[in-house]
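Residue-level listing of the chains:
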Amino acid sequence: MRSFFLPFAVTALAACGGSPSPAPDESATESSEAVSPAPANAEEDIKHFLLQEYPDASPMQYALAWSDLNSDGADEAIVYLVTPYFCGTGGCNTLILTPAGPMWEKVGEISVSRTPITVMDTSSNGWKDITVAIGGGGGAPGNALLKFDGKAYPSNPTVAPAEVTDKIGTELIAEEPVMTKLEGEKPSGE
């Protein structure tokens, strides 16, 4: 079923030639080549997933990026969630979602994470390693390297098996990302 998304990713890649920043430079072009666009209607699917999975978190804001983390030809969604429901002094939650037929499956729910979020050239158990910024909540600032353990990415980037690193990869979500607002429908009568 994963091969179903490949034609959409190729079509979206052909249709999206520019970078979303107002004045793309050479580094933005390199970054956009490494981070592929989403399949058609995928962001709507992600919005639906977020509202269904976390009905009490609305209203929320999120930043979204796409990257084929497991080299299967289908992009995973990297979602940085900002809402009091998820955020504290240590940061907010980052989700890593992989296509699972018509649905999405969580392969990472990373608490106390910050931006930027990057993807590395290295892999663990068939999935690309990622980094998230960490700091606040009494912890030292830095970057945490998160490796896929065969089932998921570590849920807390401030403790083992996450590792503090001075290396970062290709930026998926910027330090100051563009956020999208998301609010569930209010019950009728309100």
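Below, the structure is looked at part by part. (Residues numbered from 1 in each chain as written. Predicted model: local features only at pLDDT ≥ 70, side-chain atom pairs only at ≥ 80, totals over all residues. Heavy atoms only, no water.)

## Remarks on the environment of G169
Inference 1: Turning to its location among the elements, G169 is positioned in the loop between β7 (163–165) and β8 (170–173).
Inference 2: Residues G169 and T122 lie 47 residues apart in sequence; the distance between their C-alpha atoms is 9.3 Å. (Helix = DSSP H or I, 4+ residues; strand = E, 2+ residues; numbered from the N terminus.)

## Things to note about the side chain of T165
Inference 1: Its place among the elements puts T165 in strand β7.
Inference 2: Classification of T165 as buried rests on a relative accessible area of 18%.
Inference 3: Side-chain polar atoms of T165 contact the backbone nitrogen of K167, separated by 3.0 Å.
Inference 4: Sequence-distant contacts of T165, defined by excluding residues within four places in its chain, comprise T131, N143, A144 and L145. (Buried < 20%, exposed > 50% of the residue type's maximum accessible area, 1.4 Å probe, protein only. Polar contact = N/O pair within 3.5 Å; in protein donor to acceptor, adjacent residues only side chain to side chain. Contact = heavy atoms within 4.5 Å.)

## Topic: the nonpolar core
Considering soluble globular proteins, one finds that nonpolar side chains tend to be buried as a cluster.
Inference 1: Core analysis: the biggest nonpolar cluster contains 22 residues, and L69, I78, I96, I130, L146, Y153 and I173 have the highest contact counts within it.
Inference 2: Going through the elements one at a time, β1 (60–67), β2 (76–82), β3 (92–100), β4 (103–124), β5 (127–136), β6 (139–146) and β8 are the ones with two or more residues in this core.
Inference 3: Once residues within four sequence positions are removed from consideration, I130 is found in contact with L69, I96, I110, T118, V119, M120, A144, L145, L146 and Y153. (Core = buried A, V, L, I, M, F, W, Y, C linked by side-chain atoms within 4.5 Å.)

## Some words on the state of the cysteines
Joining two cysteines, a disulfide is a covalent bond between their sulfur atoms.
Inference 1: Per the stated rule, a full pass over the model turns up one disulfide.
Inference 2: Here C87 is linked by a disulfide to C92, with a sulfur-sulfur distance of 1.9 Å. Residues C87 and C92 are joined through a disulfide that is right-handed, its torsion about the S-S bond being 115°.
Inference 3: On the basis of relative accessibility, which here comes to 24%, the residue C87 falls in the partly exposed class.
Inference 4: Note on C92: relative accessible area 7%, which makes it buried. (Disulfide = S-S within 2.5 Å.)

## Things to note about the pairing of β5
Inference 1: For β5, the buried fraction is high: eight of the 10 residues fall into the buried class.
Inference 2: Two strands pair when backbone bridges link them, and β4 and β5 are joined in this way by six bridges, in the antiparallel orientation. Paired with V119 across the strands is I130, a residue of β5.
Inference 3: In sequence, β4 turns back onto β5 through a hairpin of two residues, with N125 there showing a positive phi of about 55°.
Inference 4: Sheet analysis places β5 next to β6, joined by six bridges and oriented antiparallel. Across the sheet, the residue bridging to A133 is N143, located in β6.
Inference 5: If you look at the hairpin formed by β5 and β6, you'll find two residues sitting between the two strands, and G137 has a positive phi there, around 65°. (Pairing = 2+ DSSP bridges.)

## Digging into the pattern of salt bridges
Inference 1: Under the defined criterion, the tally for this structure stands at four salt bridges.
Inference 2: Of the charged contacts in the structure, one is a salt bridge between K106 and E53, with a shortest N-O distance of 3.0 Å. Here K106 is found in strand β4, whereas its partner E53 is found in helix α3 (residues 42–53), with 53 residues between them in sequence.
Inference 3: Between E109 and K106 there is a salt bridge; the shortest N-O distance is 3.0 Å.
Inference 4: Taking relative accessible area as the criterion, E109 reaches 31% and is therefore assigned partly exposed. (Salt bridge = Lys/Arg side-chain N within 4 Å of Asp/Glu carboxyl O.)

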